[in-house]
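# Residue-level structure breakdown
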Amino acid sequence: MKRREFNKNTILGALGITAFGGSSLAFSTKQPRLVKPTPLRQGDTIGLIAPSSPFDEERYERAKTNIKELGFKLKEGRHLHKEKGYLAGTDQQRLEDLHRMFDDRKIRGIWCIRGGYGSTRMLNKIDFSLIAANPKVFLGYSDITALHNAIMCKTGLATFHGPVAATKMNEYNVDHLMPLISDSGHFPFTISSASENVERGKEEEIYEEVTISGGRAIGKLTGGNLTLLSALVGTGYLDSFSEKIVFLEDINEPPYKVDRMLTHLLNATDLKKAAGIALGIFTGCEARPNSWSLTLRETIVDRLSNLGIPVVYGLSFGHIDYQFTLPMGIHAELNADEV
């Protein structure tokens, strides 16, 4: 099986100790300048919030354990345990927790306990000037895609698409998270897919790394969950794709829905102008047996192989156990060729 690398080049070294704080890089003439948060250190306090859906006791205990075992202190959002059906409290309660964590000088990083649904409901109420004045590590994925893109568009703050606080952390996750959000990193930083995912790819097509279109691309990272990116079109909270490496992932969407969302992005955004596209592992997105459907692989090839840019599927991010972290707005190199 062909192996692929997702290589963060030397520009990603700006996330290291010497330049992580006050420096910035221009990434678009129409958007704010890139701002990098101060790296986390052992003993720093992490704010735990639930900007989307509520969570059970098991997830809560796992989040607390993760924060402690990574060497950080915990401060819970005031409304963390609120529930309103499929939401973790009212929009105002979840918004207040987000604002308080950015406003609190003792909080050095903010970690979302889970995704689900609800982040998009808050976008037009967020005080982005507050976030811009208090740049901090902000971490999560899935529904948190909406917040990553909105914060990038409105403030230029580099946020981190990576495990939620309730993730079942493993050595691979930690090794591909901590160097990016803390002062322990060594750069340049090259990412290879988790061996556990590679082994599964020998038996399960959904996990197999494949080149859709070969080549190498260099550009700033942007993207996230495909469903959320599609939902953000036309809102003013979606980051530009032009000349960037766009990373995409999703879960439990049949191929025709993946097709529809990719088509929507191709028709309504500048995705065709991307430097390259990196797809994670789309768990649960296989076609149903004996259905009139393209396979997921066929769908991706059909929609993305004719763009004339590097495209690769099956990298170790998404709704999977072994996942790496991606910093929004930071330069990276995508190698879609055999290595």
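Residues numbered from 1 in each chain as written. Predicted model: local features only at pLDDT ≥ 70, side-chain atom pairs only at ≥ 80, totals over all residues. Heavy atoms only, no water.

## Brief notes about the overall build of the protein chain
A count of helical and extended segments in the protein chain gives ten helices and 16 strands. Out of the 339 residues belonging to the protein chain, those deemed buried represent 58%. For the protein chain, the share of sequence-separated contacts (at least 6 apart) that also reach a separation of at least 24 residues comes to 81%. If you sum the accessible surface of the protein chain, you get close to 13,900 Å²; carbon and sulfur atoms cover 47% of it. (Helix = DSSP H or I, 4+ residues; strand = E, 2+ residues; numbered from the N terminus. Buried < 20%, exposed > 50% of the residue type's maximum accessible area, 1.4 Å probe, protein only. Contact = heavy atoms within 4.5 Å. Areas by Shrake-Rupley, 256 points an atom, 1.4 Å probe, with all protein chains shown as cover.)

## Digging into unusual backbone geometry
Across the chain, the bulk of peptide bonds are trans and the bulk of non-glycine residues have phi less than zero. Although it is not a glycine, glutamate 243 adopts a positive phi angle of roughly 60 degrees. Classification of glutamate 243 by relative accessible area gives exposed; the value is 61%. Within the chain, asparagine 290 stands out as a residue other than glycine whose phi angle is a positive 65 degrees. Summarising the element assignment, asparagine 290 is placed in the loop between β13 (276-279) and α10 (296-304).

## So, the confidence of the model for the protein chain
Looking at the protein chain as a whole, its pLDDT mean stands at 90, while 89% of the residues score no less than 70. Overall, residues 8-29 carries pLDDT values under 50, and its contacts beyond four positions in sequence, including any with other chains, amount to 65 contacts. (pLDDT = per-residue confidence, 0-100.)

## Focus on the sheet that holds strand β6 (residues 107-112)
Strand order in the open sheet made by the six strands is β5-β4-β6-β7-β8-β15, with mixed pairing throughout. Here the strands that pair on one side only, and so sit at the sheet edges, are β5 (73-76) and β15 (326-327). As judged from the four bridges shared by strand β4 (residues 45-49) and β5, these two strands associate in the parallel manner. Bridge pairing in β5 places leucine 48 opposite glutamate 76. (Pairing = 2+ DSSP bridges.)

## A closer look at the pairing of strand β16 (residues 331-335)
For β16, the tally of buried residues reaches five of five residues, placing the bulk of the element in the interior. Because side chains alternate across β16, one face comprises the buried residues His331, Glu333 and Asn335, and the other comprises Ala332 and Leu334, equally buried.

## So, the nonpolar core
Counting residues in each nonpolar core, the largest one holds 53 residues, and the members touching the most others are Phe138, Leu248, Ile277, Leu279, Phe282 and Tyr313. Tallying contributions element by element places helix α9 (residues 255-268) first for this core, with five residues. If we ignore the near neighbours within four places in the chain, the residues touching phenylalanine 138 are Ile49, Leu98, Phe102, Ile110, Cys112, Ile144, Leu147, His148, Ile151, Thr159 and Phe160. Within the second largest apolar cluster, 46 residues are counted, among which are Met152, Phe160, Ala275 and Ala278. (Core = buried A, V, L, I, M, F, W, Y, C linked by side-chain atoms within 4.5 Å.)

## Overview of α10
Within α10 the residues assigned to the buried category are Leu296, Thr299, Ile300 and Leu304. For α10, the buried positions fall inside an angular range of 95 degrees around the axis, keeping them on one side. Of the surrounding elements, those touching the buried residues of α10 are β10 (210-213), α9, β13 and β14 (311-313). (Arc of directions from axis to C-beta.)

## Quick word on the environment of glutamate 253
Topologically, glutamate 253 is positioned in the loop between β12 (245-249) and α9. Owing to a relative accessible area of 16%, glutamate 253 belongs among the buried residues under this scheme. Residues glutamate 253 and phenylalanine 282 lie 29 residues apart in sequence; the distance between their C-alpha atoms is 8.3 Å. With residues up to four places along the chain from it excluded, the contact list for glutamate 253 reads Thr227, Val258, Met261, Gly284 and Cys285. A distance of 3.5 Å separates the side chain of glutamate 253 from the side chain of threonine 227, its partner in a polar contact. (Polar contact = N/O pair within 3.5 Å; in protein donor to acceptor, adjacent residues only side chain to side chain.)

## Here's the deal with the packing of α9 against α10
Contact geometry of α9 with α10 gives a least axis separation of 9 Å together with a crossing angle of 15 degrees. On the basis of their axis angle, the class for α9 and α10 is roughly parallel. α9 and α10 meet at a crossing whose hand is right-handed. Along its contact with α9, which presents Pro255, Val258, Asp259, Leu262, Thr263 and Leu266, the element α10 presents Leu296, Thr299, Arg303 and Leu304. (Axes fitted to C-alpha atoms, helices over the stretch in contact; angles between N-to-C directions. Parallel < 35°, antiparallel > 145°, perpendicular 65-115°, else oblique. Left-handed = near helix turned anticlockwise from the far one by under 90°.)

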